[in-house]
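Given next are the chains, with one letter for each unit.
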Amino acid sequence: MTVLEVRNPGTRGVVGSYPVHGEAEVGAAVDRARVAAAWWDGIGFRERRKRLDEFRGVIARRIDELARLVSDEMGKPHGDAYLEIALVLDHLAWAGRNAPKTLGRRRTGTGALNANLGSTLEYRPLGVVGVIGPWNYPVFTPMGSIVYALAAGNAIVFKPSEYTPGVGAWLVDAFSRIVPEQPVFQLVTGDGATGAALCRAGVDKVAFTGSTATAKRVMAVCAETLTPLVAECGGKDALLVDADADLEAAADAAAWGGIANAGQSCIGVERIYAHAAVYDVFERLLIDRVSGLRAGTDPDALVGPITMPSQVDVIESHLADALAQGGRVLAGGGETVGHVVQPVLLTDVPETSAAMREETFGPTLVLRKVRDMDEAVELTNASRYHLAASVFSKRDGERIAARIRSGMVAVNSVFSFAAVASAPFGGVGESGFGRIHGEDGLREFCYAHAVVRQRFKPPLPLMTFRRTTTSEQRLARIVALVHGRT
Ligand code: NDP
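Residues numbered from 1 in each chain as written. Predicted model: local features only at pLDDT ≥ 70, side-chain atom pairs only at ≥ 80, totals over all residues. Heavy atoms only, no water.

Here the focus is the site of the ligand. In the vicinity of the ligand there are 30 residues, among which Gly 133, Glu 162, Ser 211, Thr 214 and Glu 359 approach most closely. Between Gly 133 and the ligand, the recorded distance is 2.7 Å, taken from a backbone N or O atom to an oxygen atom. Contact distances for the ligand include 2.7 Å between an oxygen atom and a side-chain N or O atom of Thr 214. In the complex, 91% of the free accessible area of the ligand, which totals 900 Å², lies under the protein chains. (Near = heavy atom within 4 Å. Polar contact = N/O pair within 3.5 Å; in protein donor to acceptor, adjacent residues only side chain to side chain. Areas by Shrake-Rupley, 256 points an atom, 1.4 Å probe, with all protein chains shown as cover.)

This is how it looks when you write it as structure tokens:
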């Protein structure tokens with residue numbers, strides 16, 4: 001069997017090796033998961049919540065160890081890895097606690113004309129969910145699907161990114177100690193071909209997080225078997241600064257939201273639109289924040305290296321295109337040494353440039369002066385990506401947020417929606433479809449199951465070949481009375 005060697009992006013040292021699973025191994029995992037899914041569904045909401053709470057406790061107690069593994073495999077500083085994992089814990093608690101209320105059986109109204117009927121609705125688990133994850137948030141991102149799918153009663157076969165299989169293995173191992181009875185949460189490792197095999201293996205849904213380009217390939221494969229898909233894809237998120245914004249807070253958030261995790265965040269700030277009335281002051285504050293940042297592989301660096309070697313070329317090409325089209329560097333330099341790219345703040349970059357249109361996924365920020373928030377909203381919405389956005393405004397934050405076409409908006413903060421377990425997370429347009437987190441996230445991994453029971457014979461029998469002309473005439477009168485006057 002071929003082996004996947006994982007290297008630390010900073011030191012290039014080997015940090016682990018994992019098997020490359022092919023079709024046969026992936027198929028066998030899905031077969032095992034099918035049996036496990038029936039068992040896991042059968043133990044019910046209460047027991048599942050107990051197990052998910054125990055899983056949460058284990059992650060919380062061993063958080064340092066998992067954070068070290070995240071840093072080793074994908075290069076982010078230990079503190080950032082710790083924060084990423086800490087954010088998952090609330091989701092585990094919320095999903096377990098809220099699954100019965102969101103998904104459990106409840107009565108639904110039948111209407112006056114159907115008074116002889118009683119109707120119930122529940123959300124049943126789909127069965128086996130194939131989760132394909134990226135490397136940039138190797139715990140938080142896949143767990144957004146895994147936790148909610150598990151709470152709903154599904155079994156999981158997880159294919160982590162080839163850059164972070166060890167993190168996936170850690171999670172699966174920790175869970176299997178809490179749920180030893182059945183392989184409810186399994187791991188398959190490998191590259192894109194392993195992911196494609198998982199899409200073809202007869203799973204009941206694929207939860208994909210990754211780039212828009214790969215999502216299109218995954219969707220094509222899923223189409224062969226009509227396998228449903230939730231697609232959490234890339235973004236080109238904007239941060240809008242209004243005339244009355246707290247500029248210190250906005251500059252701080254813009255720098256962190258764009259450059260933390262070396263800019264490798266789907267919801268990372270890539271574009272900033274600042275109101276002309278406060279532009280100069282905001283520009284100075286942002287220059288100050290970005291100038292102090294240094295990327296490196298040493299423990300003191302606040303910004304780590306770029307995880308995926310090919311991404312360095314993308315960042316360099318966006319920078320080159322921005323500069324060729326008249327862009328100016330305001331702070332930092334964007335220099336590359338090996339896998340380390342220095343943060344950079346640009347301005348005067350035309351909206352047609354790749355740096356304004358494509359996902360850069362690097363420690364780069366582009367700042368632009370706008371006439372007012374109308375122009376800021378227009379430019380924000382002009383993207384083909386619509387994942388998230390941030391608005392800084394004391395008075396109009398929520399009004400501006402309401403006009404932005406995206407799955408999530410943070411007002412006077414960045415990334416905050418990711419921490420709120422009840423807030424659904426997902427995109428529009430080329431940022432994907434479907435939702436993780438919150439009630440929508442639980443229902444994403446279920447099918448609606450409606451049961452309508454006849455409690456007594458209908459006063460007006462219509463669904464029978466023994467229907468009479470009299471009952472048809474009565475129906476006509478009822479239709480005219482109830483619906484004809486609107
Ligand atoms: P990729 O699209 O390269 O890969 C995502 C996953 O898909 C990986 O596990 C990859 O495996 C796998 N894969 C690759 N080819 C196929 C295929 N043909 N069939 C099935 N699976 C396949 O994304 P990255 O890992 O580079 O992650 C970065 C991207 O993820 C960015 O665009 C980012 O915006 C997005 N993202 C979106 C989030 C959201 O919630 N909207 C959150 C986090 C990231 P392998 O790595 O082994 O090739």
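Moving on, we get to helix 10 (residues 279-291). Between its first and last C-alpha atoms helix 10 spans 18 Å; for 13 residues at 1.5 Å apiece the expected length is 18 Å, and the two agree. All buried positions along helix 10 are accounted for by Tyr 279, Phe 282, Glu 283, Leu 285, Leu 286, Arg 289 and Val 290. Looking straight down helix 10, one finds its buried side chains confined to an arc of 165 degrees; they lie on one side. Opposite the packed face of helix 10, turned more than 90 degrees from it, sit the exposed residues Arg 284 and Asp 288. Buried residues along helix 10 sit in contact with strand 10 (237-241), helix 9 (247-259), strand 11 (269-275), strand 12 (328-332), strand 15 (344-347) and strand 16 (364-370). (Helix = DSSP H or I, 4+ residues; strand = E, 2+ residues; numbered from the N terminus. Expected span 1.5 Å × (residues − 1). Buried < 20%, exposed > 50% of the residue type's maximum accessible area, 1.4 Å probe, protein only. Arc of directions from axis to C-beta. Contact = heavy atoms within 4.5 Å.)

What follows deals with the packing of helix 2 (residues 44-61) against helix 6 (residues 165-178). Pairs of packed helices are described in terms of their axes, by the angle between the two and the distance that separates them. Across the interface, helix 2 lies against helix 6 with an axial gap of 9 Å and an inter-helix angle of 130 degrees. Overall, the two elements helix 2 and helix 6 adopt an arrangement that is oblique. Seen from above, helix 2 lies across helix 6 with right-handed handedness. Contacts from Arg 51, Leu 52, Glu 54, Phe 55, Val 58 and Ile 59 in helix 2 reach Trp 170, Leu 171, Ala 174, Phe 175 and Ile 178 in helix 6. (Axes fitted to C-alpha atoms, helices over the stretch in contact; angles between N-to-C directions. Parallel < 35°, antiparallel > 145°, perpendicular 65-115°, else oblique. Left-handed = near helix turned anticlockwise from the far one by under 90°.)

Sheet architecture is open: 7 strands sit in the order 12-15-16-11-10-18-19, paired in mixed fashion. Edge strands, defined here as strands with exactly one partner in the open sheet, are strand 12 and strand 19 (408-411). Taken over all neighbouring pairs, the strand axes of this sheet differ in orientation by 20 degrees on average, direction set aside. Across 5 bridges, the pairing between strand 10 and strand 11 is parallel. (Pairing = 2+ DSSP bridges.)

Once that is clear, we can look at a nonpolar patch on the surface. On the surface, a nonpolar cluster with roughly 300 Å² of combined accessible area is contributed by Leu 113, Leu 481 and Val 482. Of note, Val 482 is situated in helix 17 (residues 469-482). Accessibility expressed as a relative area gives 43% for Val 482, which makes it partly exposed. (Patch = residues over 30% accessible without salt bridge, like charges linked within 9 Å, V, L, I, M, F, W, Y side chains within 5 Å. Salt bridge = Lys/Arg side-chain N within 4 Å of Asp/Glu carboxyl O.)

Right, let's talk about unusual backbone geometry for a bit. Its identity as a non-glycine residue notwithstanding, Phe 361 has a phi of 60 degrees, on the positive side. Mapped onto the secondary structure, Phe 361 falls in the loop between helix 12 (354-357) and strand 16. Even without a glycine there, the phi angle at His 437 is positive, about 70 degrees. If you trace the backbone, His 437 turns up in the loop between strand 21 (432-433) and helix 16 (438-443). Classification of His 437 by relative accessible area gives buried; the value is 0%.

Here we take up the pairing of strand 15. Where burial is concerned, the two faces of strand 15 agree: the one with Val 344 and Leu 346 and the one with Leu 345 and Thr 347 are both buried. As defined by bridge partners, strand 12 adjoins strand 15 across 4 bridges and the pair is classed as antiparallel. Bridging from a neighbouring strand, Val 329 pairs with Leu 346 of strand 15.

Turning our attention to the UniProt feature "domain: Aldehyde dehydrogenase" (unreviewed entry) in the chain. With numbering matched to this structure, UniProt assigns "domain: Aldehyde dehydrogenase" (unreviewed entry) to residues 4-450. End C-alpha to end C-alpha, residues 4-450 measures 46 Å, and it is 44% helix and 21% strand. (UniProt positions renumbered as here; feature names shortened; annotations may be inferred.)

This paragraph deals with the sheet that holds strand 6 (residues 155-159). Two orientations exist for strands paired in a sheet by backbone hydrogen bonds: parallel and antiparallel. Read from one edge to the other, the open sheet built from 6 strands follows the order 7-6-5-8-9-21, with strand pairing classed as mixed. Either end of the sheet is taken by a strand with one partner, and the two such strands are strand 7 (185-187) and strand 21. Sheet analysis places strand 8 (residues 205-209) next to strand 9 (residues 229-232), joined by 4 bridges and oriented parallel. Paired with Ala 207 across the two strands is Val 230, which belongs to strand 9. Where helix 7 (residues 192-200) meets the sheet, it contacts strand 5 (128-132), strand 6 and strand 8, and its direction lies at approximately 160 degrees from that of strand 5.

Empty space within the largest pocket amounts to approximately 930 Å³. Lining the largest pocket are 40 residues, with Trp 135, Phe 208, Gly 210, Ser 211 and Thr 214 positioned closest to its centre. For the lining of the largest pocket, the leading source of residues is helix 8 (residues 212-224), giving 7 residues. Residue composition of the lining of the largest pocket, by class: 16 nonpolar, 14 polar and 10 charged. Approximately 460 Å³ is the volume attributed to the second largest pocket. (1 Å grid on protein atoms, 1.4 Å probe; cavity = no way out; pocket = protein on both sides within 12 Å on 5 of 7 lines; lining within 4 Å. Points joined across faces, edges and corners; volume = space filled by probe spheres on them. Nonpolar A, V, L, I, M, F, W, Y, C, P; charged D, E, K, R; others polar.)

With that out of the way, let us pick up the UniProt feature "active site" (unreviewed entry) in the chain. Following the UniProt record, one finds the feature "active site" (unreviewed entry) at Glu 232 and Cys 266. Maximum C-alpha separation among the annotated residues is 8.9 Å over a sequence range of 35 residues, consistent with a single clustered spot. When only the residues just named are considered, the largest pocket is lined by Glu 232 and Cys 266. Relative to the helices and strands, Glu 232 resides in strand 9. If we skip the residues at most four places from it in the chain, Glu 232 touches Phe 208, Thr 209, Gly 210, Phe 425, Gly 426, Gly 427, Ser 431, Gly 434, Arg 435 and Ile 436. Tracing the chain through its elements places Cys 266 in the loop between helix 9 and strand 11. Owing to a relative accessible area of 17%, Cys 266 belongs among the buried residues under this scheme. With sequence-adjacent residues up to four places away left out, Cys 266 is seen in contact with Asn 136, Cys 233, Gly 235, Asp 237, Glu 359, Phe 361, Leu 387 and Phe 425.

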